[in-house]
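Read off the chains here:
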Amino acid sequence: MRILALLLLLAVAARADESALIANARQLTFDGKRSGEGYFAPDGNLLIFQSERDPANPFYQMFLLDLLSGETARVSPGTGKTTCGFFHPGTSRVLFASTHLDPEAAAKQKAELDFRASGKTRRYSWDYDPAMDIFTANEDGTQLQRLTDARGYDAECAFSPDGKKIVFTSNRTAYDHELSAEEKSRLEKDPAWFGDIYTMNADGTGQTRLTTSPGYDGGPFFSPDGQRIVWRRFDASGLNADVFTMALDGSDVRRITDFHSMSWAPFFHPSGDYIIFTSNKLGFDNFELYLVDAKGEREPVRVTFTDGFDGLPTFSPDGKKLCWTASRTADKKAQLFLADWNHPAALVALDASPKRERTADEKKDDAAKAAELEQKAVAIENANSPLPIKAPKDAPASANVRQRRRLTASPEAVPYAFDLRPDITAEDLKNEVTWFANPLREGRMTGSPGARASADCLAAYFKSIGLEPVSGSYFEPFEFDAGVKLLADKNQLVIGAQSSPEAEVSQSRFFDGTPFTVDTDFRPLSFSDNGNFGGEVVFAGYGLSVPEDHGGASYNSYDGLDVTGKIVLILRYVPEGVDPKRRAQLNRYAGLRYKAMMARERGAKAVLFVSGPNSPEAGKLIPLTGDGTLSGSGILAASITDKIAEDLLAPGGKNLKALQTALDIESPHAEGGFLLPKVRVSLETGVEHLKQTGRNVLAYIPPGAQKTDDSEIIVVGAHYDHLGHGNNSSSMAHSGEENLIHPGADDNASGVAAVMELAASLSQERAEHPERFPRGILFACWSGEEIGLIGSAAFCEKPPVPLGRVAAYINFDMIGRLRDNRLTLQGVGSSSVWRKLIEKRNVAAGFNLALQDDPYLPTDTTSFYPKRVPVLNFFTGAHEDYHRPTDTADKLDYPGTERIAKFARALVEDLAALPVRPDLARVEKRDEGGGSRETLRAYLGTIPDYTTEVKGVKLSGVRGGSPAEKGGLQGGDV
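Rules behind the numbers
- Residues numbered from 1 in each chain as written.
- Predicted model: local features only at pLDDT ≥ 70, side-chain atom pairs only at ≥ 80, totals over all residues.
- Heavy atoms only, no water.
- Helix = DSSP H or I, 4+ residues; strand = E, 2+ residues; numbered from the N terminus.
- Buried < 20%, exposed > 50% of the residue type's maximum accessible area, 1.4 Å probe, protein only.
- Contact = heavy atoms within 4.5 Å.
- Core = buried A, V, L, I, M, F, W, Y, C linked by side-chain atoms within 4.5 Å.
- Axes fitted to C-alpha atoms, helices over the stretch in contact; angles between N-to-C directions.
- Parallel < 35°, antiparallel > 145°, perpendicular 65-115°, else oblique.
- Left-handed = near helix turned anticlockwise from the far one by under 90°.
- Pairing = 2+ DSSP bridges.
- Nonpolar A, V, L, I, M, F, W, Y, C, P; charged D, E, K, R; others polar.

(A) Structural detail: the overall build of the protein chain. Secondary structure assignment for the protein chain yields 17 helices and 46 strands. Taken across its 974 residues, the protein chain has 57% of its residues classed as buried. Within the protein chain, contacts between residues separated by at least 24 positions form 69% of all contacts whose residues are at least 6 apart in sequence.

(B) Layout of the nonpolar core. Within the largest apolar cluster, 68 residues are counted, with the highest numbers of intra-cluster contacts made by Phe462, Phe779, Phe812 and Phe874. At eleven residues, helix α12 (residues 745–768) tops the list of elements feeding residues into this core. Excluding anything up to four places from it in sequence, phenylalanine 779 contacts Phe462, Leu467, Val697, Leu698, Ala699, Ile701, Val716, Val755, Leu758, Ala759 and Leu762. Counting residues in hydrophobic clusters, the runner-up holds 62 residues, among them Leu95, Ala158, Val243 and Val292.

(C) Representation of helix α9 (residues 592–601) in the model. With respect to burial, α9 is a largely interior element, ten of its ten residues being buried. Within the sequence span of α9, burial applies to Leu592, Arg593, Tyr594, Lys595, Ala596, Met597, Met598, Ala599, Arg600 and Glu601. Count one or two residues on from α9 and you reach glycine 603, which has phi positive near 100°.

(D) Inspection of the packing of helix α7 (residues 449–464) against α12 at higher detail. Where α7 contacts α12, the two axes come as close as 10 Å, and the packing angle between them is 15°. The orientation of α7 relative to α12 falls into the category roughly parallel. The chirality of how α7 crosses α12 is right-handed. Between α7 and α12, the residues in contact are Leu458, Tyr461 and Phe462 and Val752, Val755, Met756, Glu757, Ala759 and Ala760, respectively.

(E) Representation of the pairing of strand β8 (residues 133–138) within the structure. Where burial is concerned, most of β8 is hidden: six out of the six residues are buried. Side chains Asp133, Phe135 and Ala137 of β8 all project onto a buried face; the interleaved residues Ile134, Thr136 and Asn138 project onto the opposite face, where all are buried too. As defined by bridge partners, strand β7 (residues 93–98) adjoins β8 across six bridges and the pair is classed as antiparallel. Looking across to β8, one finds that serine 98 is bridged to aspartate 133. Pairing of β8 with strand β9 (residues 145–146), which is carried by two bridges, proceeds in the antiparallel orientation.

(F) Seen up close, the sheet that holds strand β13 (residues 208–209). The four strands are arranged β10-β11-β12-β13 in an open sheet whose pairing can be described as antiparallel. The sheet terminates laterally at β10 (154–159) and β13, the two strands that pair on one side only. As paired elements, β10 and strand β11 (residues 165–170) share four bridges and run antiparallel to each other. Counterpart to phenylalanine 159 in the pairing with β11 is isoleucine 166.

(G) Local environment of the environment of aspartate 149. Relative to the helices and strands, aspartate 149 resides in the loop between β9 and β10. For aspartate 149 and isoleucine 134, which are 15 residues apart along the polypeptide, the C-alpha to C-alpha distance reads 8.1 Å.

(H) Highlighting the packing of helix α10 (residues 642–649) against helix α11 (residues 656–664). Direction vectors running N to C along α10 and α11 enclose 100°, while the axes themselves pass 9 Å from each other. One finds that α10 runs roughly perpendicular with respect to α11. Taken together, the residues of α11 that come into contact with α10 (itself represented by Asp642, Ala645, Glu646 and Leu649) are Leu656, Lys657 and Leu659. Residue classes in the contact of α10 with α11 are distributed as four nonpolar, no polar and three charged.

(I) Region of interest: the sheet that holds strand β42 (residues 822–826). Spatial strand order, β25-β38-β40-β39-β41-β44-β42-β43: eight strands in an open sheet with mixed pairing. Each of the sheet's edge strands pairs with one partner strand only, and the pair in question is β25 (475–486) and β43 (848–852). For this sheet the average axis-to-axis angle between neighbouring strands, irrespective of direction, equals 20°. In the sheet, β42 pairs with β43 via five bridges, with the strands oriented parallel. Across the sheet, glutamine 826 pairs through a bridge with glutamine 852, a residue of β43. On the sheet, α12 packs against β38 (687–701), β39 (713–719), β40 (776–782) and β41 (806–812) and is oriented at approximately 150° with respect to β39. Along the sheet, helix α14 (residues 833–845) contacts β41, β42, β43 and β44 (871–875); its crossing angle with β43, the most-contacted strand, is approximately 175°.

Coordinates in, geometry out; function isn't part of it.
Shown next as structure tokens:
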């Protein structure tokens, strides 16, 4: 055991981070503006917490969360403010504080709502409302009973372990007598200063004051054995606080911390060995969790290591879980978090912590106690009486634990085609992904034999599990761009000297200079517009526009750069010297069409791509391969050799290799962008697009009720196409990987497999319980996603079912690489129902979720949201194998994918049965927390339609609140 303890000590000492004491941390609540202060029921199956989630009430109300089913229900009256819930240990009643009896409660709510509607903001603070009183109620909110009625703030209440006593905080002494002028001033500035600790019987009788010290005494709880009370005591200034304990009658006060900071919210571990608390030791805006031993003999041990607020910690009754309130959310608003707790490691860490130097007051107390004990010993000795031994009190009677079971359905397995079962399993998912990612599919390029074989397989699968075709067929054909050829005598590149900076630029004028040879020195790109332009050139580095992404910094090549009316010179790939994680983040935004459109949206007229001497394909031109879209990009686009780029940079004394090398290591001194002096470029491009036909695969589960022409449906989809041999601009193949099959296991055989499993599982459920499906479910496997969302856009442009019937769209794109239990859900801002449904189902699923509001994504959700359909996308993150031949089936986490599919199944089933159609919410701005895969979003807020061949760029929609919308543009405009 000593060896084990030593190993634990070494492990804890080696990890100065959260993993030393907590594991599997995840956000528990998502609904509402903010949530906090979660306390467990005695059986550990319920949590009572406060949350702002009622649009009509801006203040906290009290809610119960069932940790087995995920169901949440309000327990407080709904009016006024509430705080500090707690469970009675022997009954099904709860305790909380509320102002619902305040005659001014409704007026205060309205005033706060009006303030927020005005657009004003203020720092969040607790107001110690004097109308706050303590109540008990049944878990369903019935039989509400008032326990306190004194004028003043009565709150911060908790039951004793035996349920017979309540400890609470009150500042009633500020209201029970005529205040002096000094007291009145203090009450106005800091009503908490008058706070003291009280106890009362469980029925509200016997209210007794325990503390009388100047300053705030609050946040009390009983120790696990019920023999002591722990609380926070602020000094008279209100700036510093420490943790104290005392006997039940207020005697034997012991100081536990002397941390020289604001230390508060103490809570005992069920073992009674230590106390967890909150402190701003590291700065006023950075509260973290700390441990201290129950006697306060050692210095506190740090628990959390995340900037922002971590506070109000509580343990589960078995001591194995930690729940706390944290602002480590995308919007930085507080929500509840849950993690596994490492009790043995906590004991080791505390044992290794230095002993705490006792304060002068504590030393005086120690001396006084020692003298008192010595006097008693002398008296006992003189009386020739043995030292009395105090018998320990019996442990509190065990609570009448409520047994709660989650009801689950286990449908009987029946034989299916392809030996697939209706229950979702990792084995089935692996078999499906392996089939689609097999080299025999040749990368499933849209329109290829591999894609046709994949579509045939999916149609046969859907038919075999009893799904109906849509409009008489499982296939929906669409036209796409299958190739490009150059138009004769329509492609020219000329470099000329600039006579003066003030010279006017004519779009039709070709400057004198050296002509270059098409296919040797330069080559138009497949998505280039046809036309010509001449003008100044701006170097824009890698031409990237990337939001912040889960710890990865944002990247914007256009910061401080004006490219309006100019030609932009851009490096082809991403910085070559970054680590794999950073590369994976940047690769999502490195598509050539996307880079070109980023330049176009900032006013550029043409874009020139160069590989750069440090990159793969150094010096080579980009192949003339189509990206499948029928539309243009709205900008002239061509690739040039490194030699041409050097010619452009030379007059300004710049060197391409030096520029790229600085950018490759993201040097803060790198020149990100600048106007090229003394040169002008004239570019003419002419390309012709060749057409071919691809196919979506559609299948349908009808509603359980009688089907009507206007019955609503949920669409569940994923794209099955990929990049073939990678012979297009989307491939991220490394040197030596050219022309190899891109299997596309994660992208997106993983999503297709999830759709197949959901179809089989929900089809069985629909057959057994038709009453659970008032809405139908349409399963869609799209082609053409990799070449511009062609398949899903064709569905939305000419839908086989009216889009007005589509209540929501659920999409899966790259869900096979679950890491650190982190699952990203995107498009959450498209409807107010998402957070509530996600919160409910993730309680049991247990993912560490990242929720992103933005519905404008480089996946098929962007075809639906502009058509007024709420969307939700499942995504496990980018990786180094993205769009490479190395994205193979053996690298996927199939148990993790199984968990994701089961989580999604519960959400889809909820959607199918939701009493009210999901509302459509307007999303106007990007997630400041970043990370959305938004390669279709641009500065003007236009969303291209890639399915229609027109002169110019046809729009499928515009982004809410964008300059495009404000300027009057809308879907269908060119």
